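Here are the chains, one letter per residue:
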Amino acid sequence: MNAENYFISTFCSSGSHIGDDGASIGEWVYSKDLFFENVHFKREWLTFYQIGYKAMIVNISDAVAMNAVPKYALLGVAMPKSISLHQMRELSSGIQAAASEYKIEIIGGDTISSSKLDLSITILSHATSPLLRRGLKKGDIIAYTGEIGKSAKQLRYLMSGGSVHTKSRFVSPRLRQSFVSQSRRYLRCGMDISDGLFSDMEKLCDANRMGARFLKKIAKSIGCSGEEYEMLIAFSPRQLTTIRRIAARNRITITPVAYAIRGSYTNRCKRHHF
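Residues numbered from 1 in each chain as written. Predicted model: local features only at pLDDT ≥ 70, side-chain atom pairs only at ≥ 80, totals over all residues. Heavy atoms only, no water.

## Examining the sheet that holds strand β1 (residues 23-25)
Spatially, the five strands line up as an open sheet ordered β1-β2-β5-β3-β4, and their pairing is mixed. In this open sheet, the two edge strands, each paired with only one partner strand, are β1 and β4 (105-114). The mean angle between the axes of side-by-side strands here comes to 15°, regardless of whether they run parallel or antiparallel. Inspection of the sheet shows strand β2 (residues 28-36) paired to strand β5 (residues 118-126) by nine bridges, in the antiparallel sense. Within the sheet, the bridge partner assigned to Y30 lies in β5 and is L124. Where helix α3 (residues 85-101) meets the sheet, it contacts β3 (69-80), β4 and β5, and its direction lies at approximately 165° from that of β3. (Pairing = 2+ DSSP bridges. Helix = DSSP H or I, 4+ residues; strand = E, 2+ residues; numbered from the N terminus. Axes fitted to C-alpha atoms, helices over the stretch in contact; angles between N-to-C directions. Contact = heavy atoms within 4.5 Å.)

Below you can see the structure in the form of structure tokens.
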């Protein structure tokens, strides 16, 4: 068990709500993600508008992944003393643009002065049929939506001093809200791909005490690419045609990568955290 998983486990107990992209309590889902300077981004890579927008989108992704409709947001923002009023407005505009896109009301939070720019966002979402990580059965197909691998490639460009397009996956992730809501009744379980296909498949398998048999070899450059924000889903093989039809209607692809088997799954990627 790595340090991050150990720390999380200290808060878990029988009946704990911890273990999914968000905590599902009644018809509400509560989720939080951090977006910290020099951990998730560098200021020379993104404008203040882009920082605000992406900070919101990566948090909204948790709600979308659970088939929840985001309703409210609480913001925690630590800003460097050197930040200008113009930069504050840009940051605020990015946050509000993402919130407006998903009809989210910002209802409060807290701001402090700091040595760098850090954002912590809590999303409150409504869900009558939440999609959880648990529910995987032997023989189920494990698949992902869209394309993966580009985010890590774009990160390498940025780290070597290059630049990426403003609509690139690293700058502006695209979420699969319509697909998730339309396919929910056919899905056993699911989650978003934030730490990489291999790392998040490990989480999905661990949550169900299952293993995975891959259909074909996947390059580590693709399987270990984090911050994709595509969906990792599992469903009965009988539903493959239906799932593909729903995906086509939403103009996305579905790529089956493995079958669920009894056993365990070992992640081949370097840990993103700790």
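Anyway, onward from the coordinates.
## Points about the packing of aromatic side chains
For the structure on display, the rule yields five aromatic pairs. Arranged with centres 4.9 Å apart and planes meeting at 25°, the rings of F35 and F41 form a pair that is stacked. For F35, a relative accessible area of 2% puts it in the buried group. Classification of F41 as buried rests on a relative accessible area of 1%. Summarising the aromatic geometry, the rings of F214 and Y265 are spaced 5.9 Å apart at their centres and angled 45° between planes, so their arrangement reads as tilted. Pair noted here: F214 is in strand β8 (residues 210-214) and Y265 is in the segment after β10 (254-262), with a separation of 51 residues, a long-range link. Residue F214 is classed as partly exposed on the basis of its relative accessible area of 27%. (Phe/Tyr/Trp six-rings, centres within 6.5 Å; stacked < 30°, edge-to-face > 60°. Buried < 20%, exposed > 50% of the residue type's maximum accessible area, 1.4 Å probe, protein only.)

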